[in-house]
Amino acid sequence: MFDSVLVVCAGNICRSPTAEYVLKSKLEGKSIKVSSAGLTALEGKPADAIAKQIAQPYGINMDEHKGRQLSSQLVAQNSVILVMEQRHLNDLHARYPEARGKTFLLGKWINNAEIPDPYRQSQEAFEHVYTLIDSACSAWQKYL
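Residues numbered from 1 in each chain as written. Predicted model: local features only at pLDDT ≥ 70, side-chain atom pairs only at ≥ 80, totals over all residues. Heavy atoms only, no water.

A. Up close: helix α4 (residues 86–95). All of the buried residues along α4 are H88, L89, L92 and H93. The buried residues of α4 occupy an angular sector of 130° when projected down its axis, which confines them to one face. Exposed residues pointing more than 90 degrees away from the buried face of α4 are listed as R87 and A94. The inward-facing, buried residues of α4 contact β1 (4–9), α1 (15–26), β3 (80–83) and β4 (103–105). (Buried < 20%, exposed > 50% of the residue type's maximum accessible area, 1.4 Å probe, protein only. Helix = DSSP H or I, 4+ residues; strand = E, 2+ residues; numbered from the N terminus. Arc of directions from axis to C-beta. Contact = heavy atoms within 4.5 Å.)

The structure is reproduced here in structure tokens:
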């Protein structure tokens, strides 16, 4: 069984923190640690204000989030790694070959959907991304 999930995007301020906190809420009661990181993280930065605002009505609070950089230690510590786009998967495998076999698209169970980056885009873009993330996390629930 899986005991830890790492969610990865680029900057670790929009998509991966949203997915981290949504997945935490869906896995509540299970002893699975969920965290996030970025391939090119904005280290120490809070979650994007619009991402936080969109998540709030769903009971998702990302106030404690601080961006952090993906590392070989994080790759080794987690049993499953979920990424947003195919290029993230390719980049992660190139940097950390040991991640092969445990890294998947977050959208794997929703037709291998990629989750587009809403950074510096409209509120509607963030709402669309939130909906995709929520669907993808719901689909992962039965496998975790």
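B. Representation of the sheet that holds β3 within the structure. Across the sheet, four strands lie side by side as β2-β1-β3-β4; this open sheet has parallel pairing. Only two strands of the sheet have a single partner each, and these edge strands are β2 (33–38) and β4. Taken over all neighbouring pairs, the strand axes of this sheet differ in orientation by 25° on average, direction set aside. Where β1 and β2 come together, six bridges link them in parallel fashion. If you follow L6 over to β2, its bridge partner there is S35. (Pairing = 2+ DSSP bridges. Axes fitted to C-alpha atoms, helices over the stretch in contact; angles between N-to-C directions.)

C. Region of interest: the packing of aromatic side chains. One pass over the structure, following the stated rule, counts five aromatic pairs. Measuring from centroid to centroid gives 5.8 Å for F104 and W140, while their planes differ by 50°, and the two rings are tilted. Residue F104 is located in strand β4, and its partner W140 is located in helix α5 (residues 123–141); the two are separated by 36 residues in the primary sequence. Exposure remark for W140: the relative accessible area of 3% places this residue in the buried category. These aromatic residues form a ring-pair network of at least three members: F104, W109, W140 and Y143. (Phe/Tyr/Trp six-rings, centres within 6.5 Å; stacked < 30°, edge-to-face > 60°.)

D. Spotlight on the packing of α1 against α5. One way to put it is that α1 packs onto α5 with a least axis distance of 9 Å and a crossing angle of 40°. By the angle class used here, α1 and α5 are oblique. The hand of the α1/α5 crossing is right-handed. Where α1 abuts α5, its residues R15, T18, A19, V22, L23 and K26 lie against V129, Y130, I133, D134, C137, S138 and Q141. Here the contact of α1 with α5 is composed, by residue class, of seven nonpolar, three polar and three charged. (Parallel < 35°, antiparallel > 145°, perpendicular 65-115°, else oblique. Left-handed = near helix turned anticlockwise from the far one by under 90°. Nonpolar A, V, L, I, M, F, W, Y, C, P; charged D, E, K, R; others polar.)

E. Seen up close, unusual backbone geometry. Positive phi, close to 60°, is recorded for N111, a residue that is not glycine. Along the polypeptide, N111 turns up in the loop between β4 and α5. Within the chain, N112 stands out as a residue other than glycine whose phi angle is a positive 55°. Along the chain, N112 turns up in the loop between β4 and α5.

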